[in-house]
Amino acid sequence: MPEPLYHDPAFASLYDARNGEGVRDRADFAFVRRFAGDADSVLDLGCGTGELAASLAAAGDAGAREVWGLDPAEAMLAVARARPGGDRVRWVRGDAAALALPRRFDLICMTGHAFQCLLAPKDRAAMLEGAARHLARGGRLVLDTRNPLRRAWEGWTPANTGHRPLPGVRAWVETREEGDLVRYDTVLVERGAERRATARLAFPPREEVEEAARRAGLAVRAVHGDWHGSPWTPQSPEIVLVAGRPAPS
Ligand SMILES: C[S@@+](CC[C@H](N)C(=O)[O-])C[C@H]1O[C@@H](n2cnc3c(N)ncnc32)[C@H](O)[C@@H]1O
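Residues numbered from 1 in each chain as written. Predicted model: local features only at pLDDT ≥ 70, side-chain atom pairs only at ≥ 80, totals over all residues. Heavy atoms only, no water.

1. Remarks on the sheet that holds strand 3 (residues 89-93)
Cut-off, in case you're wondering: Here the rule is simple: two strands pair whenever DSSP picks up at least two bridges between them. Strands here mean DSSP runs of E at least two residues long; helices mean DSSP runs of H or I at least four residues long; both are numbered from the N terminus. Only the contacting stretch of a helix is used when fitting its axis, a line to C-alpha atoms as for every element, and angles between N-to-C directions run 0 to 180 degrees.
Taken in spatial order, the 7 strands make up an open sheet running 3-2-1-4-5-11-10, and their pairing is mixed. The sheet is open, and its two borders are formed by strand 3 and strand 10 (219-224), each paired with just one other strand. Strand after strand, the sheet turns through a mean of 15° between neighbouring axes, direction not considered. Sheet topology note: the strand 10/strand 11 (residues 238-244) ladder contains 5 bridges and is antiparallel.

Below is the structure:
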């Protein structure tokens, strides 16, 4: 069962407006689009409402690129299927920690911190093992997770996060630590009616992510500190992992 934030159609339908679709170009999407290069096949894990997957399908050479988008939340996939170009992507309802698809991919990506929705270390390890099994020869995996050393969640207060995703709708986030996880409640107010949806996030450290990737049989090619390709430092906002299948010896 996905976290309520992604399972509730009222919140899923506002995801794109809340994340600035059509208003700002997301650095993670720009990086992945460049990185996709001439990849003939792409798998977008935790694809959400499908903006990236649909744009990757549209950018493929004369529509020849095969793009799959996988997400456990039907409400998010419903938005993805209905978007322009959504018919060019193969949408799959599924769990990135239990991958069993009938083909391999040149590029597997996981953006928008979907990796942090994998709450337990064993789920993150299983996702990386699944990615290793589904990469084609020479294929690449790229994913992001927020650097826990920056403790970004401490800034996710109602005052800092308040915004109007659509005219007449107010939204903000209320956050608290819950053991190793960060729980945040998104609050929407429309015409005086309030709705809330919870999601929890893990903040695994760089060492865990790299070690789990190696254990999964992946070769770590780079760890960037942001989606502009900066070198990682303890102050970096992100951990952007680029990994591949090791060359056969
Ligand atoms: C913050 S959204 C990111 C969506 C999209 N990748 C983007 O960049 O806008 C996180 C997504 O991860 C999905 N998710 C949660 N648990 C997952 C899992 N076990 N496997 C794959 N995706 C998952 C959620 O349903 C949600 O659509």
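2. Some words on the side chain of Thr186
This is how the line gets drawn: Working definition: with a 1.4 Å probe on protein chains only, accessible area under 20% of the residue-type maximum means buried, over 50% means exposed, and in between means partly exposed. Contacts are residue-level and defined by heavy atoms, with any inter-residue pair within 4.5 Å sufficient.
Looking at the element boundaries, Thr186 is found in strand 8 (residues 181-190). On the basis of relative accessibility, which here comes to 0%, the residue Thr186 falls in the buried class. Ignoring sequence-local partners within four residues, the contact set of Thr186 consists of Leu5, Phe11, Arg18, Trp172, Val173, Arg195, Arg196 and Ala197.

3. Here we look at the environment of Trp232
Note the following rule: Think of a polar contact as two N or O atoms within 3.5 Å of one another; within protein, one of them needs to be a possible hydrogen donor and the other a possible acceptor, and neighboring residues in sequence only count if both atoms come from side chains.
Mapped onto the secondary structure, Trp232 falls in the loop between strand 10 and strand 11. You can call Trp232 buried: its relative accessible area is 17%. For the pair Trp232 and Val92, spaced 140 residues apart in sequence, the C-alpha to C-alpha distance is 33 Å. Excluding anything up to four places from it in sequence, Trp232 contacts Asn147, Leu149, Arg206, Val223, His224, Gly225, Glu238 and Ile239. Here the side chain of Trp232 touches Glu238 through a polar contact of 3.2 Å, landing on its backbone oxygen.

4. A look at the site of the ligand
Rule in force here: One heavy atom within 4 Å of a molecule or strand is enough for the residue carrying it to be called near that molecule or strand. Residue burial considers only the protein chains on display, and all accessible areas are found by Shrake-Rupley using a 1.4 Å probe. Residue type decides the class: Asp, Glu, Lys and Arg count as charged, Ala, Val, Leu, Ile, Met, Phe, Trp, Tyr, Cys and Pro as nonpolar, and the leftover types, Gly among them, as polar.
Taken together, 18 residues sit near the ligand, with Tyr15, Arg26, Gly46, Asp71 and Asp95 positioned nearest. One of the backbone nitrogen or oxygen atoms of Gly112 is found 3.4 Å away from an oxygen atom of the ligand. Relative to its free-state accessible area of 600 Å², the ligand is covered by the protein chains to the extent of 93%. Its residues assigned to classes, the shell around the ligand shows 11 nonpolar, 4 polar and 3 charged.

5. So, the pattern of salt bridges
Under the convention used in this document: A pairing counts as a salt bridge when a side-chain nitrogen of Lys or Arg comes within 4 Å of a carboxyl oxygen of Asp or Glu.
All chains considered together, the criterion is met by 16 salt bridges. Among the salt bridges present, the one from Asp8 reaches Arg195, with a minimum N-O distance of 3.3 Å. Here the residue Asp8 occupies a position in the loop between helix 1 (4-7) and helix 2 (9-12), and Arg195 occupies one in strand 9 (residues 193-201), the gap between them amounting to 187 residues. Relative accessible area serves as the criterion here: at 42%, Arg195 is assigned to the partly exposed category. Arg215 is paired through a salt bridge with Glu211; the nearest N and O atoms lie 3.2 Å apart. Taken together, the residues Arg215 and Glu211, both in helix 9 (residues 206-215) and 4 residues apart, mark about one turn of the helix.

6. Looking at the packing of helix 7 (residues 121-134) against helix 9
Selection rule: In what follows, roughly perpendicular refers to angles from 65 to 115 degrees, roughly parallel to angles under 35, roughly antiparallel to angles over 145, and oblique to any angle outside these ranges. Take the far helix as the reference: if the near one is turned anticlockwise from it by less than a right angle, the crossing is left-handed, and if turned clockwise, right-handed.
Where helix 7 meets helix 9, the axes come as close as 9 Å, and the angle between the chain directions of the two elements is 45°. Overall, the two elements helix 7 and helix 9 adopt an arrangement that is oblique. Once helix 7 is placed against helix 9, the crossing between them reads as right-handed. Taken together, the residues of helix 9 that come into contact with helix 7 (itself represented by Pro121, Arg124 and Leu128) are Glu208, Val209, Ala212 and Ala213. Looking at side-chain class alone, the contact of helix 7 with helix 9 contains 5 nonpolar, no polar and 2 charged residues.

7. Quick notes on the packing of helix 4 (residues 27-36) against helix 5 (residues 51-59)
For the pair helix 4 and helix 5, the least separation of the axes is 11 Å and the interaxial angle reads 30°. Here helix 4 is positioned roughly parallel relative to helix 5, judged by the angle of their axes. Viewed along their axes, helix 4 and helix 5 form a crossing whose handedness is right-handed. Of the residues in helix 5, those touching helix 4 at Phe29, Val32, Arg33 and Ala36 are Glu51, Leu52, Ser55 and Leu56.

8. A closer look at the sheet that holds strand 7 (residues 169-178)
Pairing is antiparallel in the open sheet, where 4 strands are placed in the order 6-7-8-9. At either end of the open sheet lies a strand with only one pairing partner, and these are strand 6 (163-166) and strand 9. This sheet shows a mean twist of 30° between the axes of neighbouring strands, independent of strand direction. Where strand 8 lies against strand 9, 9 bridges are found, and the strand directions are antiparallel. By the bridge assignment, Val182 is partnered in strand 9 with Leu201.

9. Here's the deal with the domain arrangement of the chain
Threshold: Domain start and end points were adopted from an automatic or database domain assignment. Using a 1.4 Å probe, buried area is obtained as the accessible area two parts lose upon being combined, added over both of them.
The domain boundaries assigned to the chain delineate domain 1 (4-147 + 202-244) and domain 2 (150-201). Relative placement of domain 1 and domain 2: their C-alpha centres are 23 Å apart. Both faces considered, domain 1 and domain 2 share a buried interface measuring about 1800 Å² in area, 70% of it formed by carbon and sulfur atoms. When the buried surface of domain 1 facing domain 2 is broken down by residue, Phe11, Arg18 and Phe203 rank first, second and third, together holding 34% of it. Run the count over domain 1 and domain 2 and you get 1 salt bridge. Between domain 1 and domain 2 we count 5 residue pairs in polar contact (both at pLDDT 80 or more) in total. Put simply, the parts of the chain that give the side of domain 1 that touches domain 2 at least two residues each are helix 1, helix 2 and helix 3 (15-18). Of the residues contributing to the side of domain 1 that touches domain 2, the split by class is 12 nonpolar, 4 polar and 3 charged.

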